[in-house]
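One letter stands for each residue in the lines below.
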Amino acid sequence: MKIMVNLENTDNYQEIEINENSNINELKQQLQYVFNIPFNKIQISLNGQIINDDSLTINNLGINDSVLVIKEVNSPFQMFNSITSSNNNNNNNNQGNLGDIFSNFMSNRRNNIQPQPQNLGDLFSSIMTGMRTGNIANNFMQQNYAKELYIQNAVKETKEKYLTNKRDLDALFKKNPTLAEAIKNGNDKVVEQYIRNRMKEIEQEEMKRKMEYMKLLSSDPNDPNVQKKIEEIIKQKNINENLKYAEEYLPETLFAVHMLFIHLEINKKKVIALVDTGAQSTIMSKELVEKCNLMNLVDTRYSGIAQGVGTSKIIGTIHAAQLKIDDKFLMCKITVIENPTIGFIFGLDNMRTYRCNIDLGKNALIFPDANIKAEFLSDGELAKIREDEEIEKEKEDIQKATEASFQKK
């Protein structure tokens, strides 16, 4: 859509073309080059009302035939005073001191505007975005005060995020053990320093991008290299907007999705089975077959090569193995392969035989004819099982090493 913008107290009227879903922050970015006014000094008014919320979209403003008026705010406290005045008029309360205004600003941004970050990288990006697009004048004192408030809030949110989610904390221990240890032990100074360092890196990256963008503006637009860089900037902007949409409306997609596992028993041995509709056959490793004492049932006439993601040797087939699921017994055909990393995969062949339903609402594999409901394992259960398996494997390795040393003697 096209909107008319006037530089206050001048005859300088410019028609700006902008997407109606763009926000005030994006409009200011465009206006700074049209009117040659620094981004942080642009103040926008509509029908005499100062617009302080940079997250509002053009569509939200309801401009219609009205003209947006902008002016350059030269004094670092001029914008601050206008914000105070505007907040007082809109909210009918006294917010005359700096602390109250910042508290109100932070509260509004946390509760209404910014999408909840899903990981540390998003958290810091959110912080920096808030500082760049906030309603508070970008002068030295106010910026640093806002920065300190953001840092303290970031320390709190970071600790809450990882202390309330053991899976994320375990993952952080592998990626950044120092930070994970500080969060676990309540060492706020280490967490705060990490956040400061990340914010500094982001500021430097942002400055680098701005410098590259300014350089492009002064370059020949017909230069193929310039066009290529502009294309990359537009592409990255679209990607960032796409990510922002996902953060706000599809936050669950930003988390790792775990596969579907169920408990079952084979010959009184407890087994964790992967439910996989992409597996044509139900598969069991030779190692697991031996543990379940079923090698005497393996028909080696059905040997061959299993192909899929990679290949593996097929040892044979168990034509009818008894599985215990949810206290009920089922007979299933199992293909035995040599690969020891496979474990047990409950495949499409037996799912079709028993007309199974994967019900993600109930979080279970349903066998309607057999009246069986096998619940899928939670993330916490899987983590505990894997931890126990690693401990068991270490014990076996120690036992094998001990037996080998005795045999040498």
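This write-up is about the structure you can find in this document. (Residues numbered from 1 in each chain as written. Predicted model: local features only at pLDDT ≥ 70, side-chain atom pairs only at ≥ 80, totals over all residues. Heavy atoms only, no water.)

1. Topic: a negative patch on the surface
Logical step 1: Taken together, the side chains of Asp-326, Asp-327, Glu-375 and Glu-381 make up a negatively charged region of the molecular surface.
Logical step 2: Using a relative accessible area of 38% as the deciding quantity, one classes Asp-326 as partly exposed. (Patch = residues over 30% accessible without salt bridge, like charges linked within 9 Å, V, L, I, M, F, W, Y side chains within 5 Å. Areas by Shrake-Rupley, 256 points an atom, 1.4 Å probe, with all protein chains shown as cover. Salt bridge = Lys/Arg side-chain N within 4 Å of Asp/Glu carboxyl O. Lys, Arg positive; Asp, Glu negative; His and termini not counted. Charge placed at Lys NZ, Arg CZ, Asp CG, Glu CD. Buried < 20%, exposed > 50% of the residue type's maximum accessible area, 1.4 Å probe, protein only.)

2. What about the packing of aromatic side chains?
Where two aromatic rings form a pair, the distance of their centres and the angle of their planes describe that pair.
Logical step 1: For the structure on display, the rule yields 2 aromatic pairs.
Logical step 2: With 6.0 Å between their ring centres and 65° between their planes, Phe-346 and Phe-367 make a pair best called edge-to-face. Of this pair, Phe-346 sits in strand β12 (residues 344–346) while Phe-367 sits in strand β14 (residues 364–367), and the two are 21 residues apart along the sequence.
Logical step 3: Accessibility expressed as a relative area gives 0% for Phe-346, which makes it buried.
Logical step 4: Geometrically, the ring pair formed by Tyr-354 and Phe-367 is edge-to-face, given 6.2 Å between the ring centres and 65° between the ring planes. Remark: Phe-367 occurs in strand β14 and Tyr-354 occurs in the loop between α12 (348–353) and β13 (357–359); sequence separation between them is 13 residues. Each member of the pair, Tyr-354 as well as Phe-367, carries the same accessibility label: buried.
Logical step 5: One aromatic cluster is present, built from ring pairs that chain together Phe-346, Tyr-354 and Phe-367.
Logical step 6: If you follow Lys-161 out to its NZ or CZ, it ends over the ring of Tyr-162, 5.3 Å from the centre. (Phe/Tyr/Trp six-rings, centres within 6.5 Å; stacked < 30°, edge-to-face > 60°. Helix = DSSP H or I, 4+ residues; strand = E, 2+ residues; numbered from the N terminus. Lys NZ or Arg CZ within 6 Å of the ring centre and 35° of its normal.)

3. Describing the pattern of salt bridges
Logical step 1: This structure, assessed with the given rule, holds 7 salt bridges.
Logical step 2: A salt bridge links Arg-196 to Glu-192; the nearest nitrogen and oxygen atoms lie 2.9 Å apart. Taken as a pair, Arg-196 and Glu-192 lie in helix α9 (residues 188–217) at a separation of 4 residues, close to a single helical turn.
Logical step 3: We classify Glu-192 as partly exposed; its relative accessible area is 21%.
Logical step 4: In this structure, Arg-198 and Glu-201 form a salt bridge, with 2.7 Å as the shortest nitrogen-oxygen distance. In this pair, Arg-198 and Glu-201 both sit in helix α9, 3 residues apart, roughly one turn of the helix.
Logical step 5: By relative accessible area, Glu-201 is classed as partly exposed at 37%.

4. So, the nonpolar core
In a soluble, globular protein the nonpolar side chains are often hidden away together inside.
Logical step 1: Membership of the largest hydrophobic core comes to 31 residues, with the highest contact counts inside it found for Leu-264, Ile-266, Leu-323, Phe-344, Phe-346, Leu-365 and Phe-367.
Logical step 2: Among the secondary structure elements, those contributing two or more residues to this core are β6 (261–266), β7 (269–275), α11 (286–291), β10 (310–325), β11 (328–337), β12, β14 and β15 (372–375).
Logical step 3: Per element, the largest residue contribution to this core is 5 residues, and it comes from β10.
Logical step 4: Discounting chain neighbours no more than four positions away, the residues touching Phe-344 are Leu-264, Ile-266, Val-271, Ile-272, Ala-273, Leu-274, Thr-282, Ile-283, Met-284, Leu-288, Leu-323 and Ile-334.
Logical step 5: Ile-3, Leu-27, Leu-31 and Ile-63 belong to the second-largest nonpolar core, a separate cluster that totals 19 residues. (Core = buried A, V, L, I, M, F, W, Y, C linked by side-chain atoms within 4.5 Å. Contact = heavy atoms within 4.5 Å.)

5. Here we look at the sheet that holds β15
Logical step 1: Pairing in this open sheet of 3 strands is antiparallel, and the strands run β13-β14-β15 from one edge to the other. Because the sheet does not close on itself, it has two edges, and the strands there are β13 and β15. Between one strand axis and the next, the sheet turns by 25° as a mean value, whatever way the strands run.
Logical step 2: Two strands pair when backbone bridges link them, and β13 and β14 are joined in this way by 3 bridges, in the antiparallel orientation. Note that in β14 the partner of Asn-357 across the bridge is Ile-366. (Pairing = 2+ DSSP bridges. Axes fitted to C-alpha atoms, helices over the stretch in contact; angles between N-to-C directions.)

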